[in-house]
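Fold and geometry: a report
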Amino acid sequence: MKSPRTGSDVVHDVLGIGFGPSNLALSIAVEEHNAGRSAGHRLNALFLERQSGFGWHRGMLIDDATMQVSFLKDLVTLRNPTSDYSFLCFLRERGRLIDFLNQKTLFPLRMEFHEYFEWAAERVSHLVAYGSEAVAVDPVRDDDGQVAYFDVTCRDTAGSGGTVTHRARNISLAMGLEPHVPPGLELGEQVWHNSQLIPRSVQLADSGAPVRRVVVLGAGQSGAEAVDYLHRTFPEAEVCSVFAKYGYTPADDSPFANRIFDPEAVDVYFSAPSEVKQSLFDYHRSTNYSVVDMELIEALYATAYREKVSGRERLRFLNVSRVRSVDPGAGGALDVTVEFLPTGERQVLPTDVLVLATGYRPRDLTPLLGEAAKLCLRDDEDQIRVGRDHRVETAPEVSVSAGIYLQGGTEHTHGLTSTLLSTVAVRAEEIHRSVLAGGVLA
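These notes cover the structure that comes with them. These figures come from a predicted structure and were not determined experimentally.

Moving on to the overall build of the protein. Within the protein, the regular secondary structure consists of 12 helices and 17 strands. Its C-alpha atoms give the protein a radius of gyration of 24 Å, within 12% of the compact-globule value 22 Å for 442 residues. With respect to the three principal axes, the spread of C-alpha positions in the protein is 75 × 55 × 50 Å. Buried residues in the protein amount to 49% of all 442 residues. Total accessible area computed for the protein in this model is approximately 21,200 Å², and 51% of it derives from carbon and sulfur atoms.

Across all of its chains, the model carries 20 aromatic pairs by this definition. A centroid spacing of 5.9 Å and a plane angle of 85° characterise the contact between Tyr248 and Phe317, whose relative ring orientation is edge-to-face. Taken together, the residues span a long stretch of sequence, with Tyr248 in the loop between strand S10 (238-242) and helix H7 (263-271) and Phe317 in strand S11 (residues 315-318) at a distance of 69 residues. The partly exposed category is assigned to Phe317, whose relative accessible area is 29%. Judged by centre distance (5.8 Å) and plane angle (45°), the ring pair of Phe281 and Tyr289 falls under tilted. By relative accessible area, Tyr289 is classed as partly exposed at 25%. The positively charged end of Arg123 is found above the aromatic ring belonging to Tyr85, 4.0 Å away from the centroid.

With that out of the way, let us pick up helix H12 (residues 424-437). Here H12 is 14 residues long and its end C-alpha atoms lie 20 Å apart, about the 20 Å a rise of 1.5 Å per residue gives. Among the residues of H12, those classed as buried are Val424, Ala425, Val426, Arg427, Ala428, Glu429, Ile431, His432, Ser434 and Val435. Structurally, H12 contributes buried residues whose contacts are with strand S1 (12-17), helix H1 (21-34), strand S6 (163-173), H7 and strand S17 (403-406).

As a further point, take the pattern of salt bridges. By the definition in use, this model includes 28 salt bridges. With its nearest N and O atoms 4.0 Å apart, the salt bridge here joins Glu133 to Arg50. Here Glu133, found in strand S4 (residues 132-141), pairs with Arg50, found in the loop between strand S2 (45-49) and helix H2 (87-94); they are 83 residues apart in sequence, far enough to count as distant. When the shortest N-O distance is used, the salt bridge between Glu225 and Arg110 registers 2.8 Å.

Turning our attention to the pairing of strand S13 (residues 334-340). Across the seven residues of S13, five count as buried, placing the element largely inside the fold. As paired strands, strand S12 (residues 321-328) and S13 are joined by seven bridges and run antiparallel to one another. The residue bridging Ser325 from the neighbouring strand is Thr337, located in S13. The antiparallel pairing of S12 with S13 creates a hairpin that spans five residues between the two strands, and Gly331 there sits at a positive phi of about 65°. Alignment of S13 against strand S14 (residues 345-351), held across seven bridges, turns out to be antiparallel. What sits directly across from Glu339, in S14, is Arg346. The hairpin formed by S13 and S14 contains four residues between the paired strands, and Gly344 there has a positive phi angle of roughly 80°.

Within the secondary structure layout, Val227 lies in helix H6 (residues 221-233). Relative accessible area serves as the criterion here: at 0%, Val227 is assigned to the buried category. Sequence spacing of Val227 and Leu369 is 142 residues, and the spatial spacing of their C-alpha atoms is 38 Å. Every residue in contact with Val227, bar those within four places of it in the chain, is listed here: Val216, Val239, Ser241, Tyr248, Leu300 and Leu315.

So, on to the packing of helix H5 (residues 197-207) against H6. Contact pair H5 / H6: the axes reach a minimum separation of 12 Å and the direction vectors enclose 20°. Taken together, the axes of H5 and H6 are roughly parallel relative to one another. The hand of the H5/H6 crossing is right-handed. For the pair formed by H5 and H6, the contact residues are Leu197, Ile198, Ser201 and Val202 on the first element and Ala226, Tyr229 and Leu230 on the second. Taken together, the residues of the contact of H5 with H6 sort by class into six nonpolar, one polar and no charged.

Moving on, we get to the side chain of Glu339. Positionally, Glu339 belongs in strand S13. In this structure the side chain of Glu339 is engaged in a polar contact, spanning 3.4 Å, whose partner is the side chain of Arg346. If near-sequence neighbours (up to four positions away) are discounted, Glu339 is found in contact with Val320, Ser321, Arg322, Arg324, Gly344, Glu345 and Arg346.

About the thresholds
Residues numbered from 1 in each chain as written. Predicted model: local features only at pLDDT ≥ 70, side-chain atom pairs only at ≥ 80, totals over all residues. Heavy atoms only, no water. Helix = DSSP H or I, 4+ residues; strand = E, 2+ residues; numbered from the N terminus. Rg over C-alpha atoms; globule rule 2.2 N^0.38 Å. Buried < 20%, exposed > 50% of the residue type's maximum accessible area, 1.4 Å probe, protein only. Areas by Shrake-Rupley, 256 points an atom, 1.4 Å probe, with all protein chains shown as cover. Phe/Tyr/Trp six-rings, centres within 6.5 Å; stacked < 30°, edge-to-face > 60°. Lys NZ or Arg CZ within 6 Å of the ring centre and 35° of its normal. Expected span 1.5 Å × (residues − 1). Contact = heavy atoms within 4.5 Å. Salt bridge = Lys/Arg side-chain N within 4 Å of Asp/Glu carboxyl O. Pairing = 2+ DSSP bridges. Axes fitted to C-alpha atoms, helices over the stretch in contact; angles between N-to-C directions. Parallel < 35°, antiparallel > 145°, perpendicular 65-115°, else oblique. Left-handed = near helix turned anticlockwise from the far one by under 90°. Nonpolar A, V, L, I, M, F, W, Y, C, P; charged D, E, K, R; others polar. Polar contact = N/O pair within 3.5 Å; in protein donor to acceptor, adjacent residues only side chain to side chain.

This is the structure:
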């Protein structure tokens, strides 16, 4: 039996699934569009979020970690520099604008940028249904057999667990990425993904259990941050960083390389042949993937050297190495077998916690989209075809006023910015304009 619809006469112009920074930016674009307009010219929008409130990578909000993008790449500035939803307006309201400027930095603390996101999300909270997890998307056909709407069924995660269905002309999918766990490993009490680093560490510290050794797998920014954080949090523990490289690779944040994140670069990437797309991706991986800020690299090296001088080495770097197996060990520990790749030599490390800083992967949207997934066209690589306006290319039976938009999972079409904050404001404007061009207010 189909779930009841809320307000059976309500058809949303835009329904967002997931309420992280991407759909938050879109909600602000909608809110600013609606300001001062009469009822017939406003967009009716709703955003669904399974969490009970706004949250963005909470498990990695290390107190001294900074953003890796400029504060000017906030939710609105690249779209509308005069918007009062900007990071600078947030600072002014919080009474910290001058204090921030005195730091002479473009890169705020990560926890402060999260506070900014929360501040913005609160201002558009009337557009959001928290505690609502989308579980199905069903195409709805009109009398001519065309798909004119989508019914989105969501489950109440905060209360009864019951379901309700919302109808929309357009949906914006921004469900984020999911943690990648290497084959053969499972998350548990002693095996964490770094996305849960802080709450798991606090829980372990509060338990009073002795922590003798922690192993961190991964050579990217998150891995290096986890190593640094764990080394400071557990002062009696040995912290081992395991990675296949010879050393951490510095992130390329030089001015010319950073142009790969410019809005114009999306146009270039989108229109390029597939082989050029691949070469651009390969050339500029060092701007984002498996790289670490130079300042953190130098700090970790300095710490390791100080410990070598003092004769008490708690920070170890097992480079050119891989974790080959993880097995139950003595005394409740894990036996982590690490192989040194050049010689094949293996050592077993009795370990209290293994942290997987192994990145994220795009979510498979097929289970959620269900029948609607069959309407989405795919390329020769079986990737979803996406237009420049982030709208999924669909079968002819889908009306021009009914669209599925992807915010993320579009690296194959839109490049490296697909999962990053660099162009969220611009992308929100592009989706907003595309929705209007589809005739939703005609």
